[in-house]
Amino acid sequence: MPIILRHNAALELNRVEYSGALRAKDLHDHAAFNAANPVWLGFDCVSIVHENIEISTISLNDLDGVFKAHRELFEPLNLMFMRRSAWVCESALAQRLLSHWMDKRNADKSRWADVRQFETFEAAAEWMLLSSENTAILKHGVDFQEIARFGAAPPALVR
């Protein structure tokens, strides 16, 4: 599955992993799930773009469309909290798309999320004020329970 949302209750932290063949529709489905289930938006989040991601079907125009859809989905929610959202990108090929996304996010500051990219899990965890033990938990995905998947099959809620 290209996108998997996981949550660690003890750390009160989400981990979103991007891998495999990713489509713009998967990104939109993930955003739509979050808008329909805003409870998952209340947690800090680390998103990981794995080295094995396949993004050849996604153009910058597709990404712009997803960005526009994000705004349309989230603006009506009037979220009243601030969360940290860290990105770690292991794929040189995907970095171009992530940089485009981050440039758009930084130009259009959200009232409810501080979004930053980091070179390593350790740097992201430091920004999130995690201990070294919790940094290892984050890096290896220990005790992160799967919440939902988005990809080739219809989005699935896991419980």
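Scroll up to find the structure.
Residues numbered from 1 in each chain as written. Predicted model: local features only at pLDDT ≥ 70, side-chain atom pairs only at ≥ 80, totals over all residues. Heavy atoms only, no water.

> In this structure, what is going on with unusual backbone geometry? I would like to understand it.
We note that E12 has phi near 50 degrees; this positive angle belongs to a residue other than glycine. As for its placement among the helices and strands, E12 is situated in the loop between β1 (3–8) and β2 (13–18). By relative accessible area, which is 54% here, E12 ends up exposed. Positive phi, normally seen in glycine, also occurs at D143, with a value near 60 degrees. (Helix = DSSP H or I, 4+ residues; strand = E, 2+ residues; numbered from the N terminus. Buried < 20%, exposed > 50% of the residue type's maximum accessible area, 1.4 Å probe, protein only.)

> I keep staring at helix α5 (residues 132–140) and nothing clicks. Help me out?
Working note: α-helix, 3.6 residues per turn, so residues spaced by three or four point in the same direction. By the burial criterion, the buried members of α5 are T135, I137 and L138. Down the axis, α5 shows its buried residues gathered within 160 degrees of arc, on one side only. Summarising the geometry of α5, the exposed residues directed more than 90 degrees from the buried face are S132, E133 and H140. Against β1, β2, β3 (44–49) and α4 (121–127) lie the buried residues of α5. (Arc of directions from axis to C-beta. Contact = heavy atoms within 4.5 Å.)

> Explain the pairing of β2 to me, please; I cannot follow it from the model alone.
Side chains on a regular strand alternate between the two faces of the sheet. Most of β2 is tucked away, with six of its six residues classed as buried. Side-chain alternation along β2 places L13, R15 and E17 on one buried face and N14, V16 and Y18 on a second face that is also buried. Examined bridge by bridge, β1 and β2 share six bridges and lie antiparallel to one another. Opposite I3, over in β2, you have Y18 as the bridge partner. Hairpin remark: β1 followed by β2, antiparallel, with four residues in the connecting loop; positive phi at E12, about 50 degrees. With six bridges connecting them, β2 and β3 associate as parallel partners. Within the sheet, the bridge partner assigned to Y18 lies in β3 and is V49. The handedness of the β2 to β3 crossover, carried by helix α1 (residues 24–36), is right-handed. (Pairing = 2+ DSSP bridges. Right-handed = clockwise from strand over helix to strand, strands pointing away.)

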